[in-house]
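# Fold and contact review
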Protein chains: 2
Amino acid sequence: MTTEGSREILVRAGGESRSYTIYFVRGVRERLPQMLVQHAPAHRYVLICDTNVDELYGDGVGASLVDAGLNVSRLTFPAGEAAKDRSTWAHLTDRLAELGCGRDTALVGLGGGVTTDLAGFVAATFMRGVGLVQVPTTILAMVDAAIGGKVGVNLAAGKNMIGSFHPPSMIVVDPAFTSTLPRPIRAEGWVEALKHGVIRDRGHFKGLVEQAPALLEGDVAATAVMVEASAAIKGQIVSVDELDRGTRQLLNFGHTVGHALERVTDWSVSHGRAVAIGMCVEARAGEMLGVTAPGTSEEIRTALERFEVDVAMPDVDPAAISRSVRGDKKSREGHPRYVVIAGIGHALPDPWLRELPDELLEETIAWHAAEAGRAVAGRWSGRL
Amino acid sequence: MTTEGSREILVRAGGESRSYTIYFVRGVRERLPQMLVQHAPAHRYVLICDTNVDELYGDGVGASLVDAGLNVSRLTFPAGEAAKDRSTWAHLTDRLAELGCGRDTALVGLGGGVTTDLAGFVAATFMRGVGLVQVPTTILAMVDAAIGGKVGVNLAAGKNMIGSFHPPSMIVVDPAFTSTLPRPIRAEGWVEALKHGVIRDRGHFKGLVEQAPALLEGDVAATAVMVEASAAIKGQIVSVDELDRGTRQLLNFGHTVGHALERVTDWSVSHGRAVAIGMCVEARAGEMLGVTAPGTSEEIRTALERFEVDVAMPDVDPAAISRSVRGDKKSREGHPRYVVIAGIGHALPDPWLRELPDELLEETIAWHAAEAGRAVAGRWSGRL
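Counting restarts for each chain, with residues numbered from 1 along the sequence as it is written. Numbering of ligands from 1 and lettering of chains from A proceed in the order in which they are written. The predicted nature of this model means local features are confined to residues of pLDDT at least 70 and side-chain atom pairs, given and counted, to a pLDDT of 80 or more, with totals for whole chains, interfaces and linings taken over all residues. Excluded from the side-chain calculation are hydrogens and water; included are all heavy atoms of the structure.

### Side note on the overall build of chain A
Along the backbone of chain A there are 13 helices and 13 strands. Between the two quantities, the radius of gyration covers C-alpha atoms and the globule rule is 2.2 Å times the number of residues to the power 0.38. Its C-alpha radius of gyration of 20 Å places chain A within 12% of the 21 Å reference for a compact globule of 384 residues. By principal-axis analysis of the C-alpha atoms, chain A measures approximately 65 × 40 × 35 Å. Counting across all 384 residues of chain A, residues that qualify as buried make up 63%. Residue contacts are defined here by distance: any two heavy atoms, one from each residue, within 4.5 Å place the two residues in contact. Pairs at least 24 residues apart make up 74% of the contacts formed inside chain A by residues separated by at least 6 positions. Note on areas: Shrake-Rupley, 1.4 Å probe, and residue coverage restricted to the protein chains presented here. Looking at chain A as shown, the accessible area adds up to about 13,300 Å², and 49% of this sits on carbon and sulfur atoms. Put simply, chain A has 39 plus and 47 minus side-chain charges, and the middle of one group is 4 Å from the middle of the other. By definition, any uninterrupted DSSP run of H or I lasting at least four residues is a helix, any uninterrupted run of E lasting at least two residues is a strand, and each is numbered from the N terminus. Classification of residues uses two cut-offs on accessible area relative to the type maximum, computed with a 1.4 Å probe and protein chains only: under 20% is buried, over 50% is exposed, and between them is partly exposed. The convention is simple: Lys and Arg are positive, Asp and Glu are negative, and His and the chain ends are not counted. Where a charge lies is defined by one atom per residue type, namely NZ (Lys), CZ (Arg), CG (Asp) and CD (Glu).

### As for the relation of the copies chain B and chain A
Under the fitted operation, chain B is carried onto chain A by 0.0 Å of movement along the axis and a turn of 180 degrees, and the coordinates agree to an RMSD of 0.0 Å. The transformation relating the two chain copies, once decomposed into turn and shift, fits a two-fold axis. A shared binding surface is used by both copies, with 100% of the interface residues of chain B retained as interface residues in chain A. C-alpha atoms of residues with pLDDT of at least 70 in both copies form the basis for the least-squares superposition of the copies.

### What about unusual backbone geometry?
Following Asp350 of chain A, the chain continues into Pro351 of chain A via a peptide bond in cis, with omega recorded as 5 degrees. For Pro351 of chain A, the position within the fold is in the loop between strand 12 (346–347) and strand 13 (353–355). Positive phi outside glycine occurs at Trp267 of chain A, with the angle close to 65 degrees. Assignment of secondary structure puts Trp267 of chain A in the loop between helix 9 (255–264) and helix 10 (271–288). You will see that Met127 of chain B, though not glycine, has its phi angle at about 50 degrees, which is positive. By the element assignment, Met127 of chain B lies in the loop between helix 4 (113–125) and strand 7 (131–136). Classification of Met127 of chain B by relative accessible area gives buried; the value is 1%.

### Topic: the sheet that holds strand 2 (residues 20–24) of chain A
Residues and elements named next belong to chain A. We treat two strands as partners when DSSP finds at least two bridges between them. Read across the open sheet, the seven strands follow the order 1-2-9-6-5-3-4; overall the sheet is mixed. Because the sheet does not close on itself, it has two edges, and the strands there are strand 1 (8–11) and strand 4 (72–77). Going from strand to strand, the sheet's axes swing by 20 degrees on average, the running direction of each strand aside. Across five bridges, the pairing between strand 3 (residues 44–50) and strand 5 (residues 105–111) is parallel. Counted as the bridge partner of Val46 is Leu107 from strand 5. Orientation is described by lines fitted to C-alpha atoms, with helices fitted over the stretch in contact, and by angles between N-to-C directions that extend from 0 to 180 degrees. Those strands touched by helix 2 (residues 51–67) are strand 3, strand 4 and strand 5, and its axis lies near 160 degrees from that of strand 3. The sheet strands contacting helix 8 (residues 220–240) are strand 1, strand 2 and strand 9 (170–173), and the helix crosses strand 1 at an angle near 15 degrees.

### Quick look at helix 7 (residues 202–217) of chain A
Since the α-helix packs 3.6 residues into each turn, any two residues three or four apart lie on the same face. All names here are of chain A. For helix 7, which comprises 16 residues, the first-to-last C-alpha distance of 23 Å matches the rise-based estimate of 22 Å (1.5 Å per residue) to within 8%. Gln211 marks the point of greatest bend in helix 7, at about 65 degrees, and the proline Pro213 comes within the next four residues. Restricting attention to buried positions, one finds in helix 7 the residues His204, Phe205, Gly207, Leu208, Ala212, Leu215 and Leu216. Of the surrounding secondary structure, the elements contacted by the buried residues of helix 7 are helix 6 (183–200), helix 8 and helix 11 (296–306). Contacts described as polar in this section are N or O atom pairs within 3.5 Å, which, within protein, must combine one atom able to donate a hydrogen with one able to accept it, while residues neighboring in sequence count only if both atoms come from side chains. The residue sitting at the N-terminus of helix 7 and contributing the capping side-chain oxygen is Asp201; that oxygen lies 2.9 Å from the backbone nitrogen of Gly203. Gly218 sits one or two positions beyond helix 7 and adopts a positive phi of about 95 degrees. Expected span, for any helix, means 1.5 Å times one less than how many residues it has. We define the bend at each residue as the angle formed by axes fitted to the 7 residues ending at it and the 7 residues starting at it.

Written out as structure tokens, the structure is:
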């Protein structure tokens, strides 16, 4: 990853051949048409967004493209994680075929993580792959989902169980979109930014905590700075390991437990909250093993609470979670694997994913549910 | 592409990093378990085949893997092109999730082109990609479908409209499988082999014509020789252009019209027959333009008839075909494109795909339908 000035981040993909740039801009409506022509030339463009984003921004962005003389269509789907499934994907591919779209089409995913994942999977599979531009509108999509080329849909059996790698031609980030986000949705996004701090950069973590009130309020200047810093961490990690065979697995911190929580609660716990709880539990498990600095889990929890994220454990059986983690994509030979951190800003070195005993996981979940005090390394010491 | 001895063909993919070998073997049941362990190591294997192949070979191949101590499951789907759709794909991905398959699973596609395309698309998309081994059982799959990493399913709107590139870990070809094929199914496969001769190698074309009676009879020795020669042509082409941006497009000779014919007849014309007719029509169009050697179309038709392929044009409106070709994956800006050959053994040089006037296409189809005599370059000369 390199930066040119401070407004662009180059992300390596496809062994350089499919590298792309994240552009940080203000005034996407004015800028997007020219950027598409320059960085993602296509015979026609299809804007894909959910019904919420369509109502807020569909007409404006669509009109700006039409006014610039581009051949543009617009497809929408119902807002919400439930729409990120095979049937919405099938519907969108059918609509592209009906529109007579050829392989010289580029899709523009305008929205949050559901949209960038779904539009991305459509782009990856329609006619074996068409162009893709991501225009994230949420914090979560700006710092995480839109970056790195992972695209896909959920199965009842688990998040993102179907998908592929399909790097975009470019990502256009305009922090102004975040001004219309509800406060809890902003907070969800900052959870992934905090995660970037935990696994890689203590300074980023501390900066986020300090700026929490402004970021929650939707202060665009503060948001722009922190989004760019956080996107840079993600961009750097996926640049060195696009296909998730090494360092990129660090991004799964909090996600082994987080994804299981989403699954066992039938997606009633949001992704951000599930990952937040997952980070607390997985950090605490590391403390129990004596490899994570004492107090780390608590520092993470305090930071999450500054962002008004509810980290209370929902009423689920710890055994159900430890059963569910076995079906995780990170499992090998049926054994779930976790990212373990040394402390805030540093993960344990390679192997990035490590097996933890089910019993430890269940005990840690129970402890977190009881919101007991500081972690104490004890009988689990020396087990990793 | 390189050959080691004469029993292996190396196919380049993923910028070398995902290159794989086509192994020509006898006695796949005895050889496969060890080959899987060596070339496609996985925690578990899932054999995917249609109900016909399952009945003939499922128990035998399955038992050989189980006997070798491998962790093996078997999934089947209904035989026939109609099953190559999103719903069969969705069913297979659900079954993998139910079986608790992790990313350390490899799928083994055992069957014809429908199976290798479908198993390949499941492997490409389940958990963003798992291992894939192709064990083709038809001539068509051995010389064409299993090679090159193109995987996918059909939409009502067209063949292979959904898919991706997912190179296998290896391809295992045992010509003995072809002994149980019905004679017309063998012939279908040799159509694609003839196409390889037309676009690249007059000697291969002539060899096929000479061997036609033995090949139709299912003579295993003759089949082995011609399958290997034909697979080598395909392997060489996809090695220089995996992602279909240049030379690989040559493989589409006969397929612009062929795919349209399949579509407008609602798949009642088989792929092999549709491509056979497509080759006659597209060669004839080249003759009309004065760029293809006179008599080429007739020589192709005679060769196809030696393989007992019915090249009579079904009763369809030529205008319906010229409308349908516009939705082809090869179209750009809504204009269909075709491979044009100079004569048998040679295509016209880059650009590999060229636009032809709708009117010429319709006239050529009408001519072919009337089975009129030798092509004469006339008013279309100089139009390419």
